[in-house]
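Architecture at a glance
The primary structure of each chain is shown beneath.
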Amino acid sequence: MTASVWPADLGPVVCVVGARPNFMKMAPILRAFAANAPAIPTLLVHTGQHYDRDMSDKLFDDLRLPRPDINLEVGSGSHAVQTAEVMRRFEPVIDEHRAACVLVVGDVNSTLACTLVAVKKGVPVAHVEAGLRSFDRAMPEEINRVLTDQVADLLYTTEAAAADNLAREGVAGDRVHFAGNVMIDSLLFNRELACSPAQTLAAAGIDSHRFEAGRGVVTLHRPSNVDQPETLQPLLEVLREVSERLPLVFALHPRTRGNIERFGLGGLVASERIALLPPQGYLEMLGLMAGAAVVLTDSGGLQEEATALGVPCLTLRENTERPITVTHGTNTLVGRDVAAIRTGVADILAGRGKRGRVPERWDGKAAERIAAHLAGWLLARHGRHGT
Ligand code: UD1
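Residues numbered from 1 in each chain as written. Predicted model: local features only at pLDDT ≥ 70, side-chain atom pairs only at ≥ 80, totals over all residues. Heavy atoms only, no water.

Side note on the sheet that holds strand 2 (residues 42–46)
The condition is simple: The pairing criterion for strands is at least two bridges between them, as found by DSSP. Each helix is a run of DSSP H or I of at least 4 residues and each strand a run of E of at least 2, with the numbering of both proceeding from the N terminus.
One open sheet holds the seven strands; their spatial order is 3-2-1-4-5-6-7, and the pairing between them is parallel. The strands lining the two open edges of the sheet, one partner per strand, are strand 3 (70–71) and strand 7 (176–178). Bridging between strand 5 (residues 125–130) and strand 6 (residues 154–157) involves four bridges; their strand directions are parallel. Within strand 6, the residue paired with alanine 126 across the bridge is leucine 154.

A closer look at helix 7 (residues 182–190)
Because each turn of an α-helix spans 3.6 residues, side chains separated by three or four positions end up pointing in the same direction. Applied cut-off: Exposed residues in this analysis have more than 50% of their type's maximum accessible area, buried residues have under 20%, and partly exposed residues fall in between, with area computed by a 1.4 Å probe over protein chains only. Should any heavy atoms of two residues lie within 4.5 Å, those residues are considered in contact.
Counting buried residues in helix 7 gives seven out of nine residues, a clear majority hidden from the surface. Within the sequence span of helix 7, burial applies to Val182, Met183, Ile184, Asp185, Ser186, Leu187 and Asn190. Those residues of helix 7 that are buried are in contact with helix 1 (20–35), helix 2 (53–63), strand 5, helix 13 (282–289), helix 14 (300–309) and helix 17 (366–385).

Remarks on the nonpolar core
For clarity, the cut-off: In this description, a nonpolar core means a group of buried Ala, Val, Leu, Ile, Met, Phe, Trp, Tyr and Cys residues linked to one another through side-chain atoms lying within 4.5 Å.
Counting residues in each nonpolar core, the largest one holds 64 residues, and the members touching the most others are Val13, Met26, Ile29, Phe33, Leu103 and Leu374. Sequence-distant contacts of phenylalanine 33, that is, excluding residues within four places in its chain, are made with Val13, Cys15, Ala39, Ile40, Thr42, Leu103, Ile370, Ala371 and Leu374.

So, the site of the ligand
Note the threshold: The rule for a residue being near a molecule or strand is that one of its heavy atoms must lie within 4 Å of it. Contacts described as polar in this section are N or O atom pairs within 3.5 Å, which, within protein, must combine one atom able to donate a hydrogen with one able to accept it, while residues neighboring in sequence count only if both atoms come from side chains. The Shrake-Rupley method, run with a 1.4 Å probe sphere, supplies the accessible areas, and residue values consider only the shown protein chains as cover. Both site types are read off a 1 Å grid over the protein atoms alone. A 1.4 Å probe that fits but cannot get out defines a cavity, while an open set with protein on both sides within 12 Å along at least five of seven lines defines a pocket; lining residues have an atom within 4 Å of a point. More than half of a molecule's atoms lying within 2 Å of a cavity's or pocket's grid points is what places that molecule inside it. Gly falls in the polar group here, along with every residue not listed as nonpolar (Ala, Val, Leu, Ile, Met, Phe, Trp, Tyr, Cys, Pro) or charged (Asp, Glu, Lys, Arg).
Near the ligand, the surroundings consist of 21 residues, among which Gln49, His50, Asn109, Glu141 and His221 are the closest. In the model, an oxygen atom of the ligand is placed 2.9 Å from a nitrogen or oxygen of the tyrosine 51 main chain. In the complex, 84% of the free accessible area of the ligand, which totals 750 Å², lies under the protein chains. Counting atoms within 2 Å of the grid points, the majority share of the ligand lands in the largest pocket. Contributions of two or more residues to the shell around the ligand are made by helix 1, helix 3 (79–97), helix 5 (140–151) and helix 11 (254–262). Tallied by class, the residues present in the shell around the ligand amount to seven nonpolar, eight polar and six charged.

Quick notes on the pairing of strand 11 (residues 294–297)
The test is simple: Note on handedness: a clockwise path from strand one over the helix to strand two, with the strands aimed away from the viewer, defines a right-handed crossover.
Because side chains alternate across strand 11, one face comprises the buried residues Val294 and Leu296, and the other comprises Val295 and Thr297, equally buried. Note: strand 8 (residues 216–219) against strand 11, four bridges, orientation parallel. Bridge pairing in strand 11 places glycine 216 opposite valine 294. Pairing between strand 11 and strand 12 (residues 313–315): three bridges, direction parallel. By the bridge assignment for strand 12, valine 295 is matched with cysteine 313. Note that the unit made of strand 11, helix 14 and strand 12 has a crossover that is right-handed.

Digging into unusual backbone geometry
Backbone torsion omega between alanine 37 and proline 38 reads 0 degrees, so that peptide bond is classified as cis. If you trace the backbone, proline 38 turns up in the loop between helix 1 and strand 2. In this structure, arginine 98 takes a positive phi of about 45 degrees despite not being glycine. Of note, arginine 98 is situated in the loop between helix 3 and strand 4 (101–105). Judged by relative accessible area, arginine 98 falls into the exposed class, the value being 52%. Of note, the phi angle at phenylalanine 135 is positive, near 60 degrees, even though the residue is not glycine. The residue phenylalanine 135 is located in the loop between strand 5 and helix 5 in this model.

Let's talk about the sheet that holds strand 12
Using the following cut-off: Axis geometry follows a simple rule: fit a line to the C-alpha atoms, using only the stretch in contact for helices, then measure angles between N-to-C directions, giving values from 0 to 180 degrees.
In spatial order, the strands read 10-9-8-11-12-13; together these six strands make up an open sheet with parallel pairing. Whereas interior strands pair on both sides, the edge strands pair on one side only; in this sheet they are strand 10 (274–277) and strand 13 (331–333). Strand after strand, the sheet turns through a mean of 20 degrees between neighbouring axes, direction not considered. For strand 12 and strand 13, the ladder comprises three bridges, and the chain directions are parallel. Bridged to threonine 315 within strand 13 is leucine 333. Together, strand 8, strand 9 (248–251), strand 10 and strand 11 form the strand contacts of helix 13, whose direction differs from that of strand 8 by roughly 135 degrees.

Remarks on the layout of surface pockets
This is how the line gets drawn: Grid points are joined across faces, edges and corners, and a volume is the space filled by probe spheres set on the points.
Quantified by volume, the largest pocket comes out at close to 1,200 Å³. Contributing to the lining of the largest pocket are 48 residues, with Pro21, His50, Met55, His221 and His253 lying nearest its centre. The class makeup of the residues in the lining of the largest pocket is 18 nonpolar, 17 polar and 13 charged.

As for the environment of phenylalanine 23
With respect to the element layout, phenylalanine 23 can be found in helix 1. With 42 residues separating them along the chain, phenylalanine 23 and leucine 65 place their C-alpha atoms 7.8 Å apart.

What to know about the pattern of salt bridges
To be explicit about the condition: Just to be clear on terms, a salt bridge is a Lys or Arg side-chain nitrogen sitting within 4 Å of an Asp or Glu carboxyl oxygen.
Evaluation of the coordinates by the stated rule reveals 26 salt bridges. Among the ionic pairs, glutamate 272 bridges to arginine 210, the shortest N-O distance being 3.2 Å. Note that glutamate 272 is positioned in the loop between helix 12 (266–269) and strand 10 and arginine 210 in the loop between helix 8 (197–203) and strand 8, a separation of 62 residues in sequence. By relative accessible area, which is 58% here, glutamate 272 ends up exposed.

Shape is all these values report; function is a separate question.
The structure is reproduced here in structure tokens:
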């Protein structure tokens, strides 16, 4: 069913972002919603889970995301407090704006919190990047994924394994749609605009010449890697060792920076061959990764971006919820096994790194598919039920 304009009595799609990895997923969705025929009206809500300039505002600028219509300013807190605060502050937004639907992305606390509020009010929920599973329930994100997918109405997936996971959990197949990867929409859209590594290092006051012949890019922020000195210390030791062969650019998440200081481990990463940077903007990170010899990370997004860029990636986790990056892409799981990290880097430097290929529907058009499908679904539903 199509209409040339959005019905006046069908409200906006309330689009939720909360934390850094949400922003690059939402930017192409908002562009596709505006370009859809009919244009899909939106209300952009930032929960404020991430609030530092480095973790939030800078990303809005880089991605040309419009300023949020509403910022709930929840800030940091325990999982319970953060989730509860988002719920409490999000409920009046739904009431006031008569949402046609709530669209959430990814797996952060804001994703689950806003989903719970909406479904209990009878407002449909669309989840983008649904069905990913690490099968590790000690990860807070895994809890957020499983629960969001159980109650959301529309589940847009990035890879085939997601549909299998959802079927296994009893989710009806007609809720699941293979849209592709909006994160890669952002990457392809912005690739030409990436900042040069020399510029990024200079901006941090670091002499870039040491990093010109080759570099590794490191990010670490998972609580399982950085919250205990017994796990963080050996990881920093092996990174120090790797840096003797390959200079490293290490973009420090606030959690990681705080823990390195708290545990007195700063000496391990104080080296001319390790560039310690604050959390980076999107275009800076893109420039650092493109052309890197290797990415060492525990981030979900970087595993996918490395695959799209054809850069070998060593993931410092025991599992990944993004298995296609391993089976088709450039990713290898090395866990916290320092021997595996050492061998992984040596193999890559010897030219034996995975080259990989780009997975199906990681083609820059995922957001367009979501816009077309969601508009059709909402308009058909509206035709049946009114508002
Ligand atoms: C969150 C997401 C994780 C995502 C990550 C990306 C959940 C459960 N986790 O984890 O999936 O990969 O974001 O960064 O939602 N802090 C700041 N400034 C900020 C934000 C956080 O200093 O703008 C510090 C605070 O000390 C805070 C800590 O970082 O307590 C952790 O932040 P939080 O949002 O709780 O979780 P992340 O570890 O960032």
